[in-house]
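Secondary and tertiary structure notes
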Amino acid sequence: MTKQFIHPTALVDEGVEFGDNVSIGPYTIIHKSVKIGDNTVVESHCELGHPATRKEYSTELVIGDDSLIRSHSIFYLGSEFKKGLVTGHRVTVREKTKAGCNFQIGTLSDIQGHCTIGDFVRLHSNVHIGQQANIGDFVWIFPYVVLTNDPTPPSNTLKGVTIEQYAAISTMSVILPGITVGEGALVGAHSSVTKNVEANTVVVGSPAKAICSTSQIQLKDGSNQPAYPWRRHFHRGYEQRIVDRWLTEFPNEKKHES
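This text gives an overview of the structure that appears in the document. Keep in mind that what you see is a predicted model, and the values were worked out from it rather than measured.

Moving on to the overall build of the chain. The helix and strand inventory of the chain stands at one helix and 31 strands. In terms of overall size, the chain behaves like a compact globule, its C-alpha atoms giving a radius of gyration of 19 Å where 258 residues would be expected to give roughly 18 Å. Taken over the C-alpha atoms alone, the chain extends approximately 55 × 50 × 25 Å along its principal axes. Taken across its 258 residues, the chain has 46% of its residues classed as buried. Sequence separation of at least 24 residues holds for 23% of the intrachain contacts in the chain that already meet a minimum separation of 6. Total accessible area computed for the chain in this model is approximately 12,800 Å², and 49% of it derives from carbon and sulfur atoms. In the chain, 24 side chains carry a positive charge and 26 a negative one; their mean positions are 5 Å apart.

Shown next as structure tokens:
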């Protein structure tokens, strides 16, 4: 028998599909055509299944198993999230967003929809993801980063940003429309990225310029070990099967505490 806890003040339309052991907090609104997976918690004052701007985009909203949506977050219809979604507070996610497993969205972040996001992507607080963005697996995007999409604003021409797997975008950086940041690259803080970034390259500045390979950056812990690829040493929050794969990939690295 499927069990849920729905607070008496929550408003839930008929037709919502609940998994087992789902909790819905006070004053949350859940519209029809929403599917919520097992063991998911939706906190207070959220809205799931807000109608999309166009009817053809107002298909179902799917929230995967083991998710946590914190208070005052809004998710539009027409998006799909696999298991392990976690949000901060006051998150907005627009229609046609497709994200992989274990996606984390920081407080006050804004995803404008029509984008694809991989597995184990981490967005810190106050991140803006423009439409048509394509973000690979294991990407880190730090606070106040903006992924743009309009090359001649305002216009009807959209060119989304591509961030390839394992890349890290540091705080307060702006990635211009149509730019690709290559696998394992590092964008330094306060950078304006106007040209494609090659894989495993560090770029900084406005406009951003390549300064070195990521392999030349050392950890600031006195170990003199290379900081990149970061998966050599940073394992916190990742499944053991993934950590084991990374340890095999970098066999000379000592296993750090997670």
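So that's the structure; there's more coming.
Okay, the side chain of Thr28 next. Mapped onto the elements, Thr28 comes out in the loop between strand 4 (22-24) and strand 5 (29-30). Thr28 sits in the buried class, given a relative accessible area of 0%. With residues near it in sequence (within four places) discarded, Thr28 still touches Ala10, Leu11, Val42, Glu43, Ser44, His45 and Cys46.

Here we take up the pairing of strand 8 (residues 47-50). Where strand 5 and strand 8 come together, two bridges link them in parallel fashion. Paired with Ile30 across the bridge in strand 8 is Leu48. As defined by bridge partners, strand 8 adjoins strand 11 (residues 74-76) across three bridges and the pair is classed as parallel. By the bridge assignment for strand 11, Glu47 is matched with Ile74.

Looking now at the sheet that holds strand 6 (residues 34-36). Taken together, nine strands build an open sheet; the order of strands is 3-6-9-12-15-18-21-24-27 and the sheet is parallel. Single-partner strands in this sheet number two, and they are strand 3 (17-18) and strand 27 (180-181). Across two bridges, strand 21 (residues 134-135) lies against strand 24 (residues 162-163) in parallel orientation. By the bridge assignment for strand 24, Ile135 is matched with Ile163.

Further remarks concern the sheet that holds strand 2 (residues 11-12). Pairing is parallel across the open sheet formed by 10 strands, whose spatial order is 2-5-8-11-14-17-20-23-26-29. Both outer strands of the open sheet, strand 2 and strand 29 (192-193), are each paired with one neighbouring strand and no more.

In this sheet, strand 30 (residues 201-205) lies alongside strand 28 (residues 186-187) in parallel orientation, the contact comprising two bridges. Across the sheet, residue Leu186 finds its bridge partner in strand 30, namely Val202. In terms of strand pairing, strand 30 meets strand 31 (residues 208-213) through five bridges, oriented antiparallel. Paired with Val203 across the bridge in strand 31 is Ala210. Between strand 30 and strand 31, which pair antiparallel one after the other, the connecting turn spans two residues.

Quick notes on the rules
Here, residues in each chain are numbered from 1, in the same order as that chain's written sequence. Given that this is a predicted model, residues contribute local features only at a pLDDT of at least 70 and side-chain atom pairs are listed and counted only at 80 or more, while totals for whole chains, interfaces and linings are drawn from all residues. Calculated side-chain values reflect all of the structure's heavy atoms, with hydrogen atoms and water omitted. Helix and strand assignments come from DSSP, with helices taken as H or I runs of at least 4 residues and strands as E runs of at least 2, each series counted from the N terminus. Only C-alpha atoms enter the radius of gyration, while the globule expectation follows 2.2 Å times N to the 0.38, with N the number of residues. Exposed residues in this analysis have more than 50% of their type's maximum accessible area, buried residues have under 20%, and partly exposed residues fall in between, with area computed by a 1.4 Å probe over protein chains only. Between two residues, a contact is recorded if the distance between any of their heavy atoms is within 4.5 Å. Each accessible area is a Shrake-Rupley result for a 1.4 Å probe, and residues are judged covered by the shown protein chains and nothing else. Within this scheme the basic residues Lys and Arg register as positive and the acidic residues Asp and Glu register as negative, but His and the chain ends are omitted. Each charge is placed at NZ for Lys, CZ for Arg, CG for Asp and CD for Glu. A strand pair is defined by DSSP finding two or more bridges across the two strands.

Honestly, that's just the spatial picture; any functional story needs more than this.
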